[in-house]
Amino acid sequence: GEGEGEGEGEGEGEGEGEGEGEGEGEGECRPDPEDYLPPALGVEDTWPVCSADDSADAWAPINPSISSIARVQAFAEMAAELWDNPALAAEDFVDARFIYARDEGLDSRLQRREDEHYPKAVDAEGNPATCQGEGIPALNPDRCVGPAKLLPILNDAFVAGAGGTDLQDNAARVEAALLWFLYASVYKEAFTSTTTPKDADSSYAYYTGGEGRDGGIGFAGYVRQEDSATHDAIWNGLLAVRCWRDLDQAVPAADLVMRDRALGQLDAGLDRGLALILVQRLDLLLGEGLGAAEQHAAWVFVQTLGPAILRAAALADPPQAAVVEAELARNAPTAENLQTLQEALLGLFPCP
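The numbers attached to residues start from 1 for each chain and follow its sequence in the written order. Reporting in this predicted model follows two pLDDT cut-offs: at least 70 for local features of residues, and 80 or more for side-chain atom pairs to be given and counted; totals over whole chains, interfaces and linings ignore these cut-offs and use all residues. Values shown for side chains rest on all heavy atoms present in the structure; no hydrogens or waters enter the calculation.

### A look at the overall build of the chain
Labels follow the DSSP assignment, with helices taken as runs of H or I lasting at least four residues and strands as runs of E lasting at least two, numbered in each case from the N terminus. Within the chain, the secondary structure is distributed over 14 helices and zero strands. With C-alpha atoms as the basis for the radius of gyration, the globule rule is written as 2.2 Å multiplied by the number of residues raised to the power 0.38. A compact globule built from 352 residues would reach a C-alpha radius of gyration of about 20 Å, and the chain, at 19 Å, matches this within 12%. C-alpha extents for the chain along the principal axes are approximately 55 × 45 × 40 Å. Think of it in three bands: with a 1.4 Å probe and only protein chains considered, a residue is buried below 20% of the maximum accessible area for its type, exposed above 50%, and partly exposed in between. In the chain, which comprises 352 residues, the proportion classed as buried is 52%. Residue pairs in contact within the chain that sit at least 24 positions apart in sequence constitute 72% of those at least 6 positions apart. Each accessible area value is a Shrake-Rupley result obtained with a 1.4 Å probe; residue values ignore everything except the protein chains displayed when judging cover. For the chain, the exposed area adds up to about 14300 Å²; of that, 51% sits on carbon and sulfur atoms. Between the averaged position of the 23 positive side-chain charges in the chain and that of its 64 negative side-chain charges there is a distance of 4 Å. In this description, contact between two residues means that some pair of their heavy atoms is separated by no more than 4.5 Å. As used throughout, the charge tally considers Lys and Arg to be positive and Asp and Glu to be negative, leaving His and the chain termini uncounted. Each charge is placed at NZ for Lys, CZ for Arg, CG for Asp and CD for Glu.

Right, here's the structure in full:
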C-alpha cells in the first residue's frame, strides 16, 4: 500500500528554494545552505545526525515492501511497447493499456492522484470534498490532477492509438502524461508522509523505481541522462525527507519546519529535472535528425508535459512563466519559438 493519506500538516509545504547556484554546469551549482547533504559527500550541512547519513547512495526503507516500485517498472514496460518501440503498431497500445491497468497498478493510483501543492478539493458550496467525488475533479483540476487532467489524456491516447490513429503522437501523449504523474507522485508521497510515514518510501520509489543513486528508471532515468548534478540534487532531497522522518517520528509529524525544508529541497530538484526533460525534447526539435512525424510527436510531448511546470515557473518568475505558457500554446512553433521556450525554462530553473 501506498498510504494515500491526505497529509494534515500546516501549510502547503511549498519551500520552493530553486537553488542559489548560477549557470547550468554541474561544477557551478551550489546547494542551498538549508539543504540536507549526506556526510559521504564531504560537505557539512546544518541537519542533525539521522539514519539517512548512513549511505549517500541507497534508501533505508521504513516499510520493507514498497509497492510503488512495481508501478514505475510498469512505466518502463510501457516504454518498450510504445515510445521506445521502433516498429510501433496499433496493437501495441492494447498491450500497453493492459500493463497500465494492472490490479493496484498505475491506473489505480493515477485516477486518484492529487497535487499537494494546491489547496484541498472543495465542492460547489466550498465544503471539503475528495477528488473521487462526482464532479469534484472538474471543480478542482489543479488539485485533482490525476482524474481531471491526466486520465482524459491517457484514455483518449489509448483509444486513438489502438484504432491506428497518429501512433507516434499518441505514444508521446502517454509518455508525457505518465511522466507528469511520476513528477507529481514524488512530491505527493513525500508530503503525505506527514501522516503516513511509509509514504516516504513511495516518494523514493516513484522517482527511482527502487534503484540506488547510480541507477534509476522512470523519471530518474530521464533526469540522470540529462544532468547528473540535478539527479543527485533530487536524491539528496529524497534523503532529506527520510532524515526528517527519522528525526520526527510522530504521527502526524510534529516538526513541520523541518518537513518544509525537506520538501522545498526535493521540489527544487524535481522542478529542475522536469525543465531539463522538456529542454531535451526541444533539443531534438531544434536538431536535424527527426522526420516530420517524429518532430510532431516531440512537440506533442512538450505540449502535454509542459503545463506541469507552470506552477513552479509562476512562483519563480511570473513574467517568464507567461512566456513559457504562451510558447506552449503554439500549434506550429518556429525554431525561434522553440529557442525562446528553451531559454525561458533554463532561466527559470538554472540549478537544483
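Still to come is the rest of the account.
### Concerning empty space enclosed by the protein
Cavities and pockets are defined on a 1 Å grid built over the protein atoms alone: a cavity is a set of grid points where a 1.4 Å probe fits but cannot escape, while a pocket is an open set with protein on both sides within 12 Å along at least five of seven lines, and lining residues are those with an atom within 4 Å of any such point. Grid points are joined across faces, edges and corners, and a volume is the space filled by probe spheres set on the points. Taken as a whole and assessed by the stated rule, the structure comprises two cavities of 30 Å³ or more. A volume near 30 Å³ is recorded for the second largest cavity. Lining the second largest cavity are Leu278, Leu282, Val302, Gly306, Ile309, Val324, Leu328, Leu341 and Leu345. Elements with a contribution of two residues or more to the lining of the second largest cavity: α10 (256-286), α13 (318-328) and α14 (335-348). Here the term charged refers only to Asp, Glu, Lys and Arg, the term nonpolar to Ala, Val, Leu, Ile, Met, Phe, Trp, Tyr, Cys and Pro, and the term polar to all other amino acids, Gly among them. Residue composition of the lining of the second largest cavity, by class: eight nonpolar, one polar and no charged.

### A few points about the state of the cysteines
By definition, disulfides here are pairs of cysteine sulfur atoms that lie within 2.5 Å. Summed over all chains, the structure comprises two disulfides. The disulfide bridge from Cys131 ends at Cys144, spanning 2.0 Å between sulfur atoms. Disulfide Cys131-Cys144: torsion about the S-S bond near -80°, hence left-handed. Taken as a pair, Cys131 in the loop between α3 (106-110) and α4 (136-139) and Cys144 in the loop between α4 and α5 (145-162) lie far apart in primary sequence, 13 residues in all.

### Describing the environment of Asp45
Positionally, Asp45 belongs in the segment before α1 (68-81). The partly exposed category is assigned to Asp45, whose relative accessible area is 26%. Expressed as a C-alpha distance, the spacing of Asp45 and Ser203, which sit 158 residues apart in the sequence, is 23 Å. Not counting residues up to four positions away in its chain, the partners in contact with Asp45 are Asp35, Tyr36 and Leu37. Within the structure, the side chain of Asp45 is placed 2.8 Å from the backbone nitrogen of Leu37, a separation counted as a polar contact. Definition of a polar contact: a pair of N or O atoms within 3.5 Å, with one able to donate and the other able to accept a hydrogen when the atoms are protein atoms, and with sequence-neighbouring residues admitted only if both atoms are side-chain atoms.

### Thoughts on the packing of helix α7 (residues 199-208) against helix α8 (residues 219-226)
Between α7 and α8, the shortest axis-to-axis distance is 5 Å and the interhelical angle comes to 55°. One element, α7, and the other, α8, form an angle in the oblique class. Mapping the contact onto sequence places Tyr206, Tyr207 and Thr208 in α7 and Phe219, Ala220 and Val223 in α8. A breakdown of the residues in the contact of α7 with α8 according to their chemical character gives five nonpolar, one polar and no charged. The axes used here are C-alpha line fits, helices contributing only the stretch in contact, and every angle between their N-to-C directions lies in the interval 0 to 180 degrees. In what follows, roughly perpendicular refers to angles from 65 to 115 degrees, roughly parallel to angles under 35, roughly antiparallel to angles over 145, and oblique to any angle outside these ranges.

### Re the packing of aromatic side chains
Two measures describe an aromatic ring pair: the distance that separates the ring centres and the angle between the ring planes. Each pair of aromatic rings taken from Phe, Tyr and Trp, with Trp reduced to its six-membered ring, is defined by centres within 6.5 Å and is described as stacked if the planes are under 30 degrees apart, edge-to-face if over 60, and tilted in the remaining cases. A full pass over the atoms with the stated rule returns ten aromatic pairs. With a centroid separation of 5.0 Å and an interplanar angle of 0°, the aromatic rings of Trp59 and Tyr204 are classed as stacked. Separated by 145 residues along the polypeptide, Trp59 in the segment before α1 and Tyr204 in helix α7 bring together distant segments of the chain. Given a relative accessible area of 10%, Trp59 falls into the buried group. The class of Tyr204 is buried, set by a relative accessible area of 6%. For the ring pair Phe75 and Trp83, a centre distance of 5.2 Å and an interplane angle of 45° mean the geometry is tilted. With respect to burial, Phe75 and Trp83 carry one shared label: buried.

### So, the packing of α10 against helix α11 (residues 292-305)
Between two packed helices, what matters for the description is the angle formed by their axes and the separation of those axes. At their nearest, the axes of α10 and α11 sit 9 Å apart, and the two run at 160° to each other. Judged by the angle between their axes, α10 and α11 are roughly antiparallel. At the point where α10 passes α11, the crossing takes the left-handed sense. Touching Leu274, Ile277, Leu278, Arg281, Leu282 and Leu285 of α10 are Gln295, Ala298, Trp299, Phe301, Val302 and Leu305, all from α11. Taken together, the residues of the contact of α10 with α11 break down into ten nonpolar, one polar and one charged. Crossings are assigned a handedness: left-handed for a near helix turned anticlockwise from the far helix by less than a right angle, right-handed for a clockwise turn.

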